Every structure is written in structure tokens, then in C-alpha cells.
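Fold and geometry: a report
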There are 2 protein chains.
Amino acid sequence: MANITKKVSWSSRGDDSGLAGEGTPLLNGTEIPKPSRQLSGSGSVFRIGRFSTVDLEDDITSEEVKFELPTSLLSFCLFLFYVFDEIKCIHLSLFLEEERRMSHMGFRCLEISRWVICGLIGILTGLIACFIDIMVEKLAGCKYQVIKENIEKFTEVGGLSISLILWAVLNCAFVLVGGIMVAYIEPIAAGSGIPQIKCYLNGVKIPRVVRLKTLLVKVLGVICSVAGGLAVGKEGPMIHSGAVVAAGVSQGRSTSLKRDFKMFEYFRRDTEKRDFVSAGAAAGVSAAFGAPVGGVLFSLEEGASFWNQMLTWRIFFASMISTFTLNFFLSIYHGKPGDLSNPGLINFGRFESDSVAYYYYELPLFMGMGAIGGLLGALFNSINYWLTIFRIRYVHRPCLQVMEALLVAAVTATVSFTMIYFSNDCQPLGPEHNEEYPLQLFCADGEYNSMATAFFNTPERSVRSLFHNQPGSYNPLTLGLFTLTYFFLACWTYGLAVSAGVFIPSLLIGAAWGRLCGILLASFTPTSPIWADPGKYALIGAAAQLGGIVRMTLSLTVIMVEATGNVTYGLPIMLVLMTAKIVGDYFQEGLYDIHIKLQSVPFLHWEAPATSHWLTAREVMSSPVTCFNRIEKVGTIVDVLSNTSTNHNGFPVVVQPAKLCGLILRSQLIVLLKHKVFVELARSRLSQRKLQLKDFRDAYPRFPPIQSIHVSQDERECMMDLTEFMNATPYTVPQDTSLPRVFKLFRALGLRHLVVVDDENRVIGLVTRKDLARYHLGKHGLEELQLAQT
Amino acid sequence: MANITKKVSWSSRGDDSGLAGEGTPLLNGTEIPKPSRQLSGSGSVFRIGRFSTVDLEDDITSEEVKFELPTSLLSFCLFLFYVFDEIKCIHLSLFLEEERRMSHMGFRCLEISRWVICGLIGILTGLIACFIDIMVEKLAGCKYQVIKENIEKFTEVGGLSISLILWAVLNCAFVLVGGIMVAYIEPIAAGSGIPQIKCYLNGVKIPRVVRLKTLLVKVLGVICSVAGGLAVGKEGPMIHSGAVVAAGVSQGRSTSLKRDFKMFEYFRRDTEKRDFVSAGAAAGVSAAFGAPVGGVLFSLEEGASFWNQMLTWRIFFASMISTFTLNFFLSIYHGKPGDLSNPGLINFGRFESDSVAYYYYELPLFMGMGAIGGLLGALFNSINYWLTIFRIRYVHRPCLQVMEALLVAAVTATVSFTMIYFSNDCQPLGPEHNEEYPLQLFCADGEYNSMATAFFNTPERSVRSLFHNQPGSYNPLTLGLFTLTYFFLACWTYGLAVSAGVFIPSLLIGAAWGRLCGILLASFTPTSPIWADPGKYALIGAAAQLGGIVRMTLSLTVIMVEATGNVTYGLPIMLVLMTAKIVGDYFQEGLYDIHIKLQSVPFLHWEAPATSHWLTAREVMSSPVTCFNRIEKVGTIVDVLSNTSTNHNGFPVVVQPAKLCGLILRSQLIVLLKHKVFVELARSRLSQRKLQLKDFRDAYPRFPPIQSIHVSQDERECMMDLTEFMNATPYTVPQDTSLPRVFKLFRALGLRHLVVVDDENRVIGLVTRKDLARYHLGKHGLEELQLAQT
């Protein structure tokens, strides 16, 4: 499998090189500064080393120079602090000093800017959702109108195959645009983006996932996919879009546009950025489903390791603002300005508790449907798994990917058309019908083709029809056929090189067979009125199918409850999702987890596998580990960094004999090499200092690869003094620490490297995320996964 | 202030003595076993010391004996493991071995029992809520019926003072029962219990707070208080009740009833118990407000430090089951069995989005109301603060407390009666009126006294009337007077020696002035229809007032949204709560925080104060710290434990010169002393061993005080070897670690003691929760609090 996984685009070596050092807790508002053992008793005097813009005395070799810091230097120190924060070295003492000197007011300003950023994230995410919604509605509206007119024309004169061709061509045209953008411009924008965001929030950084270009391709791509009639939704990509918006806004600059607004510089670090990205993801969920609480819970479920009240509240704020913005602009667009009672991109329509009550004896039925959902979900995931492996093997060239997308678009149109053509499920067109494009086709006047409400529509509208249309709107055969065809279409579609979500197709499949269940139940018990409403069963089926595919639980329950606008259905939806998850997990993992696993990223789950207590750090760690001396030859460093087999991003720094004295990151070494901070060049470096500081700052987060740094043969013989740049107090564990404990340290403190030492503080190994992510609880106990070694 | 705080009942020394050692993460499902450095390379052979039931060779002085563990010994080892888990000593290696040997199936069984327990917690909490609801309805119904008849009788013949006396006497009778129970039987059951549960979830254990007796007093007390017509709600106590249920069920035994069901023995430890208590609190919220998601968020907001997906899901499950159970039994009670659409003890009634829409230009108005709520809340809290201090000083004898409660009951009745008597706000009694007890009094036939709907009713019903009665049901003067009187009554009532919550009175006050605002707004703009519904403003006012008093945010928003059954109001409620919190925090802390602070418990907030970076562990720690030697004289230990000035619960164990080698807990020392595990008695101890193991297990969680252990003069000269019992790998920090970092370690890893060491691993101090909780961000920067030193 290793050869398969290496081909996937977003698991290249570059992934990890942008990772900051340890001590960056996930989803947690505060950055805890590293303590410096050297600082004892320094009081208001702090030590500054080589990395200073202040003129030092000529005696450069003295490593530390004391000077008093006047308060007027505050802004300058802020500047310094940004730099030193990134390089996470012994100068964190300076960072510490800085935070110590920061006034109460300063912290308050930071807090206020965090809120402002979250507000901006909400507004922008809402606007993007609004844009997508309006564009899809316009484009799909035009398309269906044209086809409808064409069909109506040819129904009478014959020659409906021309309509079919028109439909297929229109679909293909849209999908072609979307597919080309994704395949050639930004492949990371393919799919729903949820696996990528899950990884990002987990701490695995994936290159280009939060770039402006990705956002553009994602947004335009999803419009094309949905307008192109594929079996996809526009909700999943909203989560990704929100995340990109957050990553951009919070940094106050766009590296792609080469614009720096000189704002929010404090937040240019992994911890803060990840917090904002989680807010963006929540805002995306909120905009997609009109579910602010669901969005918060989604972010927490996917990203949190350490609960932080203020952060959670900010996330909630971003979500609320996002829903509000979307609502506000959509209400203007729909000509009812100010009416805010219709939230979200997808709105399931209100389930009024009076009309659609449930009784306790229906709960076992619901759970049975949950089990069906779990089974079908596992089937869906298995098929998609094999399909994805097939794609990774054989469909990895962009032109092939576009062609596959076109094929799917054409097949979707053909199948839809065929189903509608051969269906003879005619329903009377009531005075208050909700159908946007009722197709009469071969039905009598005043009637419409029922199959067409499911196929000849955007999936969102189809879901709503299945939930809310009157009992009797569909006959069972229509629903059964629809379920079957749409299941395979959706399964084939997910993983194509188009941006598209799987939420709505899943809901649609589930709603179809759920409604079918409702109709069958009603036919068994014709006397009892409570079985009469198949819309209720459509809702339960939709929840079951979605739960069976994505295996989310708490957040999905809340999202469904918020999207239906009725809290009464909380318990049944929860039970259904639980059943679906339990049944589904027995056969196959969730769809997102499958795709994450196929990328072989070091994804850390919540807890260490239950039966991993017998593993100790000694067995888990990578060993032998490449260490550097405090004063190391440049050639050695370049060789180690260039060597693809030493793929660590952190290297212990030791004094002989192998005694740990610090940890230095790959990115730090690269910046040091780039600026040739060599002991021998110390004299001539005075003039360059300011430049260096600026470069450290600018280097984040896109550190150059080692190959781009030219080191001459002479320079290879120079020495580099790492003492000042390394993190002098890395976390360590003794070698007998059990795996769950190591795991917990990683999760709770957001570590990336954990040095394993023996009793005498000698380095004997290094535990990284990959070492932990390898272990996995399979059906037959603990299994060791093969992760991408690059 | 210190002399005040010492008198408060739940901050006695006993508080902390039940605390387990460090390494108990808050709200986190897994217990990470301590690693044992001694275990290196032992593989399937493990070492067992003196604490073994296996016959050892005569050579007792050899500390470690190796033997092979056959698998048939598994159950026996499970037994051992429970014991050793409690004593958290070096034998955690055994615990580790045990978890290592536990099969995948074993872990699955544990997981299933956790779910079963959560289900039981939900069912029992729901039943208790049901019981309270029905009892209150019955008793209050009888009372109001009797008084109504009496009033009707005397309205015509004159002599309404007799009705007043009857009302006052009935109220006093109920309150007398409730007050006596609380004041004499279980003072911890006073109030809403939310501050206590907050402390418990924070890691501060308060004696008797989760006992069966407390539950009984709480439940009966709250029925008496509400039926007694006090300005209280029955919702807060539900949270406490749920917590007690959880603590009881999860332990599989009742220490009060001396019953041990031999179930769930694995969960008899602080970590697991606290997880279940958080589930119980969530179930309580869920039952009280019909808000399962709100309950989960409440638990997380108050208790979580480390987000755990499975735990959160279990909490959600308990919440759902609790709402379901309550609903189910209430639906039977109300004669509509199976109708589950009416959740929660308090139901605000549905706000249909069609009838009560809001527009974006109302948002500033809502925020203005939020500011008013914040101001009024701060006023409420300040008055209550002074009142509480007065009570602590002068009203601390039970009989005085009962008399104060009676006084409040009588005054409440008198004020209510007077207000009704002098009110001339008569409203026509429509055909579909919702009033349970419409008082005609001096109104014309077919009309009722509007003031009486607010005062002559349980507070829950009054809130609902204010939300949903037709516009024009109340005139502004009635609402103004009601707000004023009820404000002071509620303020006086909170803190009485009765069990009672503050949620409903707050909502009622807010609903009254909110409705008043709505009416005033409508009178300014008589033409615009959207101002017409004052019920909307009543809802916003209620949220503002409650937010201003309790300062909860995320969870309260969700609770309000779930209780109104309409997600549309999410944004305004959130904005209102945020404004109320910001405004309120400027003047005064939240009510629960005030009460927690008055108890001087070492409550740890989410983060270290923002400006505390300049503090290091050296400045924060307690020093000098009492240390024990590895082999210590019994007399010394007894003296140290008996000395009230050494109030630590953990003592570093050192080898000369002061080099740290372990940490031992007060509770461990007490059990060791009780069983006289002295070096000199080693020979004769063989026969006692089994007894000791059992006693260790039974001692949890009520360890005896040191005074109850008799140590003779001879025994004082004996030596105790602590090596086997101490935790050999305590967490340590260097002395220059900054306060935020220490704080984070405490929160993330759930520590209780952190040993501060110098470069050579010598103990120089000990940081405990109290040392951290002292620091507080006041208006003028960092302040140091005076915490109870006992």
C-alpha cells in the first residue's frame, strides 16, 4: 500500500516542514511561553544573544550581553518577539520578557482583535456562502429551464434523445470548467475538503490547503459541480472555504497576493492560526446548515484537545455572524429584506412538532433504520475505498481526472433522463405545489412526473421534497429505483477531481429509502394515523444514511436538529446516529477516515488504542535518532537535512556524551543556513542583522526547502553554534513511559517531538506524531499501520 | 475577610483530605497509568513488594520478589489493581501490568458499563425531575386552590386580611419543613448547588456534596421552597441532584446505606467519578430545561479541561435519556402517554418563527437590553454579596437560618398580597385563557386581576404568561411594580437556608422588565406592527437578566434556544448574553463566582491571569515544604499530619541531601498508619495482608482523619518505609517556570501537586491548587486573594 499512498498529492514531504515546534497546543487560545532555566534571577535585565539589532560591543564571542530595557523600546521588542516566537529558541526568554512587560491593556487589545477577526471570518464566510447559493440557483435555474422547455417541445414531436444530449452536454460543460480548475490549477480543492480540515485541526499541516487560490478554485468548482448536475452538495466545501477565510484574515496578509496589511502580526503562529481556522470551519458549517451550535461542536469534535471557554465562545460568535450574514443577504436577494428566520444554505424546512410527533414505540423502528443506514454506509464506504485506490493507481493524470468527471456528468444526466423517461409515476399538480420545475412529460395535463422531482432538481430541493411533500407524492417503486441509482452515482462521484460535498447526496439517498420505509409501514398499518407521514421517516433515513457514511455523532445530531428547527427530534436522531455508527464501524471506517488513512498522514485520534498499555516509549520511539552537537559543522547539518531518510523536523541537540541539552527544528536550521549564521562569519554579520530578523518573520509559514539553499564547499567547513537558537527545555519522557501516557502528553500539550531519555538524561530516541499515529486498534487487536515515510 | 470565610460550612479542612493524588485529569475518560522506572525490561515478569497476598519467602527485607503471573490469576489481579490504583504508589507498575494484560474485550466491557451507567444516570435524574415536578404541581395547586377559594369568599364579605394570614401561614409551613431539613440535616443542600458542582467539576472536592442524604434533602427541600411560594426555581437543584445520582450510581455502592453492589468497582476513583458527575450535571440541566445540548455544553463549560469525544458523547446520551424519561413520565401523568414533544421542567412555550420574527434593526435594541440586564445583574449580585457576608457573620446558627427563611416566606406572601390587593389592572378573561388560578378579586365579572398572574402562581407559570400572553395582558405599571418587588425578594431569597435555584426568578424579573420595554417601544411606534409582540421582548429581557446574574454564555444561549424550541433566536440571545456579561463583569462578578469566592476554595479558572507572566514557580510555590525521608519515623509523620499548619495533602519524599525521589499523599500515609505498616512489625504483618488490601479499597473516598488513628508512644519510635507506597515519578518543574505554564500543566494534566526542583533535582517547593488559585486579575492588575488556609 505504501506505493499507492505516496502518489497522493497532499502527503508530500513538504507537509511537515511547515510545522512549528512543540508546545503549540491545539485549539487553545494561550501560548505558554517556554521557561528559560538561564533566566534565574535576572529580574528586569534580560540577556540577548547574537540575534539582536542593537549594536553589540566588539566582543562578539561573548554569548550574552546584558542591557536594561527602557519602556520606550516596547514596540521594538514586540517586533523582536514576533521573530523569536517563530524560531522558538532559547530566546523565548525574550518572548517571556515581552509578555511580562505587556500591559493589561495590551492583552485586552489582543483579545478585542481576536473578536474582530472572528467577526470578519463570520461575515466573509457568510458572503461566500451567499455567493455560492445565488450562483448555483441562477445557473441551475437557467439550465433546468432550458432543458424543461426543450423536453416539453420534444415530448410532443418526439425525439427526446435530443433533450438528453442537451442535458448531458450542459452538465458536461459545467463539470468541464470545474474539473479543469481542480485538476490543473489546485488539486487540493477536490472533494469536500473536510478530511483536509480535519487533518489541519489535528495538527497535520497539509500544503496549500488554506491558500487563497484553493479558496477560489473551491468556490468556483463547487458552483460548477452542483450546477453541472452531479450527485454532490455544496455544504462540505463551505467548511473548507470558511477555514481558508479564517487562515487568511487572521494573518492580516496574503502571501499569494504579496500583500501585507501589517495587521494581526501577533497571530502569525501555528497555535493562533489553528484556533482561527477552527472558528472558520465552524462558520462554514454554520453557513451551510444554519447550525451555529452544530458548527461549534463540529470544530470541537474535530479540532479540540484542550477546551478553552473564551475560544469556544469566539467560535460560536463567528458561527452566529456567519449565519446572520448569509441570512441577511439571502433575505434581500429573495425580496424579503430583514427576515432572518430562514437560516442556512440547506434548510430542511420546519418539522412542526404538532404535525410530525413521534411516539416512544417508534424508537426501536428508528434504531432499525439506523442499522440499515450503518450497513448501507459501510457498503458505500467500501465501494468508495476501492474506487479511490483504483483512482490513485490509474487515474492520477489531470486529463484522465477531467475525463472521468465528464464521464460521470454524462452518465448522471443519462441515468436521470432514463429514470424519468421510463417512470410512469404521475402525481396531480396541486395548487400549492412546491416543485420548481414540474416536468409533465407523458403525464396527463395537471399532473407531473414524480421521478423528476427527485432527479430533475438540485439535490437540496430534492431532499426538501422528500421531507415535506404530501403523503402519496411518490410511489414506492420510484423511491426504490431512485435510491439504488443515486447510491451508486453518489458513490462514484465522491473522489472525482471536482470540489463537492457528500452530505447532501447522503441525505438524499437516506431520505429516499427512509420515505420508502415510511410508506411501507403505513401500508402495513392503514388504520393508525401516526404512520401516515412518511416525511418523518425520510428525516430519520437521511440521518441514518449520513451517519452511516461520515460517522459523526454529536455535532451531526445538533446540525440535523438545527437544520430541522425542531429540538423534539433530538433523541431519535441521536439514537439513529449512534446505531448507524456502531453498525457501520463494525464493517468499515467512516468515509473521511478512509480518505485520511489513504493519505497516510500522522493523524492522532482522541486516545491511544485501548490495548496499547503494554507498549512503552522505548518500543514506540524512532531510534537511533539524528542528533546535533551544540556547535555543529555546516556540512553535517546540510547533509542531514538533505537526506530524505532523516525525515524528522526536530533534532535533539546534545553535549557529549549524548546528553540532551535542547531541541532544534528543521525550519530553524534552514533559516539559519539561508542566512549563513556561521561562527566564522560572526564578524561580518553585524550589518546583516536587521535583514535576518525580517527574514525570520517573513519565512513563516513557507520555509524554503533545503535544496533551494546553496552552501558552498568552503561554507560546509564552517561551524554553526546552535545554542542560542535551540529550545533549551524540550519535553522529555523516560523510556519506560507507556504509550497512552505519551499519547496524552502529545494531545494535551500539543507536542510534536518528545525526546526519550534514559536515567542520565541521555537521548535514546525521539517520539513524533508518526510514531504514535502508527498504532491502530483493528478487529484483531492492535495493528501497526504503514505510514508514508516521507 | 479570612475570618468570615472560615465559618462557611463547606470549606473545612476535610475538604481536601479526600482528594486523590495527581495525575487525575479532569473530565477525561482515560486514566493514564504512572510509568515505573523500575520496570524496565521486566516483560511479562513483574515485581511485587510487600503489598502482596502471595506467600513471600522468609526474607522479607528483600524488597522485590519476581514471580510469573499465570493468566488464571487475572481476576485476582483485577482485585489487586483496584487497591493499588487507590494508593497511587510505586505499585502502579502493577496497575500498568494489569491494564497491559486486560484484553480488548475487557476494555470493551468497561466501555459498555460506562454507557449503561450514563443511561441509568439519565433515567434516575429524569425520574427525580418528574417527581419534583409532580409534587410541586400538586402541592402548589392545592395551596393556591385553597387560598383562591378563601380570597373569593372574603372578597365579598370583607376581611381579606384573613386570606393574607392563611397565605402567609401556608407558605411558612412549607418553608419551615424545607428550612429545618436544610439547616439541621444537611446544610450543603442549601441554595442551587451549582457553585458546589462547579467546584467539584473543577477538582475541588467538597465534603458531603454528592451524598445520598444531600440528594434527599435537596429534592424534598426544593419541593417545599417552591410550594412555599418563595421567589425560587426548581431548576438549579436539578443539576445538583443529577450530580449526586451520578456519583452514587457510578460507584455501584452507597456508603451511607452501607450497601455495596460489587458493581462498577473499576470506577471507584476520582477521575472516573468526576466524569460521571459531569454527565449527571448535564442530565440535570437537560431535565430542568429540556435542553440536552445545553446540558452537555454546561458540563463542558464548567468541568472540562481536556476534550474527550467519547466522554462528551456519553454525557449527551445521559442528557438525552434524562429528557426522554422526564417527558415520557410527564406525558403519562398529563394523560397524553407517548407524546414527547414537551420537554423539560420549564418549558418556555414555543416561539413560532412566523409570529415572532425579529429584524436586524432590532439587534441594537436587544443589545441595549443586554446592557440593562448586565447592570441589574451586577446590582443583584452586589446586594446579594453584602447580604451573604451579613449572613455569614450573623445568621450562622441553624435556628436563625430557619427563622430568616420563615420571615422571607411571610414577607413574600404579604408583599404579593399587597401588590395584588392594590393593583387595579383588570383584564378580560378570554375563552382560551391560560391562567391556572385567575383571581377575580375586585375586578368586574369575566375579568381577572393581572397582577395576580404574576404573583399568584408558581414562578415557572408566571414566566410563561409573560412570554406568551396576548399583547395588552399587562399594563406597564403592573410590570414595573412587579419587577421592582420581585427583584428584591429574589435577591433576599438567594442564599437562604433552603434549597432553591436562581434561574427562574432571574428569568421572571427579566421577562417582566423586558415585556415592559416591549410595551413602551410599541407605544412609541403605534403604526408599525413588528413591535406589537411584547413576548419577544420578554424573552430577550429574561435572557439579559439571567445572563447579567449568572454570566454563563455559550451553554446559556443553547439552553435558552432549546427551551424556546426555536433556533432563530440564537443570534439575538447570544448578543444579549454577551452584552450582559461584558457590562456586568465591569461592575461585579457572576453570582456563582461570588459565592465560590466567599467559600475561599482553590478554584482554578480557565487560564492564568493575562498579566501573570512575570510570576515564576519560585514566587508562587509554598516554601519551605515539609518533606519525608524514604524511611521516616512514625512519630514525625503523625506530628506532621496532625499539625494544622502543614495543610498539604502531598508530601515530597527525599533522599539526603533533599533530592526528590517521590511524592506521597496524606490519604496514603493515613491508611499506612492505620494499618501500622511499620518496618519493625514487618514479621508479624504477613497474616494481616489481605485485610490491608481490602481496607485500602474500602477507605476510598472517606479516609479517616489523623485524629482518629491511635499511635502509641512505642509505635512513634518505629520507622515507616515509604519507598513502596510513594509515587516515584511525580511531575516536577524547574523553579523559573512561568505561572501560565504551571497553570497549564495543572489544567491539562489535572495535577494537584507539582514539585518545584532546582537544577540538581533538589526539592525547593511545592505548588498546589491553592497557590495558583490565589492570583486573580482585578481592575487594577493582578491581585492576590486570601484563600482559606485550612
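Located above this text is the structure these notes cover.
Note that this is a predicted model, so its numbers are computed, not measured.

Within chain A one finds 29 helices and 16 strands. By residue count, 66% of the 790 residues in chain A fall in the buried class. Sequence-distant contacts in chain A: of pairs separated by 6 or more residues, those separated by 24 or more amount to 77%. Carbon and sulfur atoms make up 61% of the accessible area of chain A, which totals about 27000 Å².

A few words now on the packing of aromatic side chains. Across all of its chains, the model carries 40 aromatic pairs over all chains by this definition. Taking the centre distance of 4.8 Å and the plane angle of 70° together, the rings of F455 of chain B and F482 of chain B count as edge-to-face. With F455 of chain B in helix α15 (residues 450-455) and F482 of chain B in helix α17 (residues 476-493), the pair connects residues that are 27 residues apart, well separated along the chain. F455 of chain B gets classed as buried once you look at its relative accessible area, which sits at 6%. These aromatic residues form a ring-pair network of at least three members: Y144, W167, F417, Y421, F422 and F456 of chain A. The ring centre of Y144 of chain A lies 4.5 Å from the NZ or CZ of K143 of chain A, which sits over that ring.

All names here are of chain B. Pairing is mixed in the open sheet, where 3 strands are placed in the order β12-β13-β14. Only two strands of the sheet have a single partner each, and these edge strands are β12 (732-734) and β14 (763-768). Recorded for the sheet is a direction-independent mean angle of 30° between the axes of neighbouring strands. Pairing geometry for β12 and strand β13 (residues 753-757), over 3 bridges, is parallel. Bridging across to β13, P734 finds its partner in V757. The strands that helix α28 (residues 739-749) touches are β12, β13 and β14; relative to β13, the one it contacts most, it runs at about 145°.

It is worth spelling out the sheet that holds strand β13 (residues 753-757) of chain A at this point. Residue and element names in this part refer to chain A. With mixed pairing, the 3 strands of this open sheet are ordered in space as β12-β13-β14. Edge strands, defined here as strands with exactly one partner in the open sheet, are β12 (732-734) and β14 (763-768). Strand after strand, the sheet turns through a mean of 30° between neighbouring axes, direction not considered. In this sheet, β14 lies alongside β13 in antiparallel orientation, the contact comprising 5 bridges. Opposite L754, over in β14, you have V767 as the bridge partner. Helix α28 (residues 739-749) contacts β12, β13 and β14 of the sheet and is inclined by roughly 145° relative to β13.

Right, let's talk about the packing of helix α5 (residues 104-157) of chain B against helix α10 (residues 270-289) of chain B for a bit. Residues and elements named next belong to chain B. At their nearest, the axes of α5 and α10 sit 9 Å apart, and the two run at 35° to each other. Regarding α5 and α10, the two cross each other, and that crossing is right-handed. On the side of α5, the interface is formed by R114, I117, C118, I121, G122, T125 and A129, while α10 contributes E272, F276, A279, G280, A283, G284 and A287. Looking at side-chain class alone, the contact of α5 with α10 contains 8 nonpolar, 4 polar and 2 charged residues.

There is about 280 Å³ of room inside the largest cavity. In this structure, the largest cavity is lined by 24 residues; those nearest its centre are P292 and E562 of chain A together with V561, V567 and G570 of chain B. Of all elements in the fold, only α11 (292-303), α12 (309-333) and α20 (554-564) of chain A together with α20 (554-564) and α21 (570-587) of chain B reach the threshold of two or more residues within the lining of the largest cavity. With 5 residues, the top contributor of residues to the lining of the largest cavity is α12 of chain A. Its residues assigned to classes, the lining of the largest cavity shows 16 nonpolar, 6 polar and 2 charged.

To continue, consider the state of the cysteines. Residues and elements named next belong to chain B. Under the definition given, this model contains 0 disulfides over all chains. Lacking any disulfide linkage, C130 is separated from the closest cysteine sulfur, that of C142, by 17 Å. Given the relative accessible area of 7%, C130 is considered buried.

Turning to the packing of helix α13 (residues 363-394) of chain B against α21 of chain B, a few remarks are in order. Residues and elements named next belong to chain B. Two elements in contact, α13 and α21, have axes separated by 7 Å at closest approach and are oriented at 35°. By crossing handedness, the relation of α13 to α21 is classed as right-handed. Contacts from L363, F366, M367, G370, A371, G374, L375 and A378 in α13 reach L571, P572, L575, V576, T579, A580, V583, G584 and F587 in α21. Partitioned by chemical class, the residues of the contact of α13 with α21 number 13 nonpolar, 4 polar and no charged.

For the rest of this paragraph, the subject is the pattern of salt bridges. All names here are of chain A. Applying the stated criterion to the full structure yields 30 salt bridges over all chains. K234 is the salt-bridge partner of D133, the closest N and O atoms lying 3.6 Å from each other. Placement of D133 in helix α5 (residues 104-157) and of K234 in the loop between α8 (212-227) and α9 (236-251) is noted, with a sequence separation of 101 residues between them. Accessibility classification places D133 together with K234 in one group, the buried group.

Across soluble globular proteins, nonpolar side chains show a tendency to be buried alongside one another. F380 and I420 of chain A together with F380 and I420 of chain B are the most contacted members of the largest nonpolar core, which totals 309 residues. Among the elements that take part in this core, α5 of chain A stands out by supplying 16 residues, more than any other. The contacts of I420 of chain A, once residues within four sequence positions are left out, are W167, L439, L441, N449, M451, A452, F455 and F456 of chain A.

Glancing now at the environment of Y421 of chain B. Residues and elements named next belong to chain B. Inspection of the secondary structure puts Y421 in helix α14 (residues 398-422). Distance in space between the C-alpha atoms of Y421 and V136 is 25 Å, their sequence separation being 285 residues. Once residues lying within four places of it in the same chain are set aside, the contact partners of Y421 are L160, L441 and F442.

Bringing the pairing of strand β9 (residues 650-655) of chain B into the picture now. Side-chain positions along a regular strand alternate between the two faces of the sheet. Residue and element names in this part refer to chain B. Burial analysis of β9 places 5 of its 6 residues in the buried class, which makes it a mostly covered element. When β9 meets strand β10 (residues 659-665), the two strands line up antiparallel, connected through 6 bridges. Directly across from V654, in β10, lies its bridge partner L660. If you look at the hairpin formed by β9 and β10, you'll find 3 residues sitting between the two strands, and A658 has a positive phi there, around 60°.

In this model helix α10 (residues 270-289) of chain A runs 28 Å from its N-terminal to its C-terminal C-alpha over 20 residues, within 8% of the 28 Å that 1.5 Å per residue would give. Burial analysis of α10 of chain A places 20 of its 20 residues in the buried class, the great majority of the element.

This paragraph deals with the environment of V763 of chain A. All names here are of chain A. Mapped onto the elements of the fold, V763 is located in strand β14. Here V763 falls in the buried class, since its relative accessible area comes to 12%. Separated by 105 residues in sequence, V763 and A658 place their C-alpha atoms 6.0 Å apart. Aside from chain neighbours lying at most four places away, what touches V763 is V625, C627, P652, V654, A658, L660, V755, V756 and V757.

Residue and element names in this part refer to chain B. By the element assignment, S622 lies in the loop between α23 (617-620) and β7 (628-629). Among the polar contacts listed, one links the side chain of S622 to the side chain of D771, at a separation of 2.9 Å. Discounting residues that sit within four places of it in the chain, S622 has contacts with H648, G765, L766 and D771.

Moving on: unusual backbone geometry. Glycine aside, negative phi is the norm for most residues, and most peptide bonds take the trans geometry. Residue R551 of chain A is not a glycine yet carries a positive backbone phi of 60°. Structurally, R551 of chain A can be placed in the loop between α19 (534-550) and α20. The backbone of R208 of chain B shows a phi angle near 65°, a positive value even though the residue is not glycine. Mapped onto the elements, R208 of chain B comes out in the loop between α7 (194-202) and α8 (212-227). For R208 of chain B, a relative accessible area of 27% puts it in the partly exposed group.

Rules of the game
- Residues numbered from 1 in each chain as written.
- Chains lettered and ligands numbered in written order.
- Predicted model: local features only at pLDDT ≥ 70, side-chain atom pairs only at ≥ 80, totals over all residues.
- Heavy atoms only, no water.
- Helix = DSSP H or I, 4+ residues; strand = E, 2+ residues; numbered from the N terminus.
- Buried < 20%, exposed > 50% of the residue type's maximum accessible area, 1.4 Å probe, protein only.
- Contact = heavy atoms within 4.5 Å.
- Areas by Shrake-Rupley, 256 points an atom, 1.4 Å probe, with all protein chains shown as cover.
- Phe/Tyr/Trp six-rings, centres within 6.5 Å; stacked < 30°, edge-to-face > 60°.
- Lys NZ or Arg CZ within 6 Å of the ring centre and 35° of its normal.
- Pairing = 2+ DSSP bridges.
- Axes fitted to C-alpha atoms, helices over the stretch in contact; angles between N-to-C directions.
- Left-handed = near helix turned anticlockwise from the far one by under 90°.
- Nonpolar A, V, L, I, M, F, W, Y, C, P; charged D, E, K, R; others polar.
- 1 Å grid on protein atoms, 1.4 Å probe; cavity = no way out; pocket = protein on both sides within 12 Å on 5 of 7 lines; lining within 4 Å.
- Points joined across faces, edges and corners; volume = space filled by probe spheres on them.
- Disulfide = S-S within 2.5 Å.
- Salt bridge = Lys/Arg side-chain N within 4 Å of Asp/Glu carboxyl O.
- Core = buried A, V, L, I, M, F, W, Y, C linked by side-chain atoms within 4.5 Å.
- Expected span 1.5 Å × (residues − 1).
- Polar contact = N/O pair within 3.5 Å; in protein donor to acceptor, adjacent residues only side chain to side chain.

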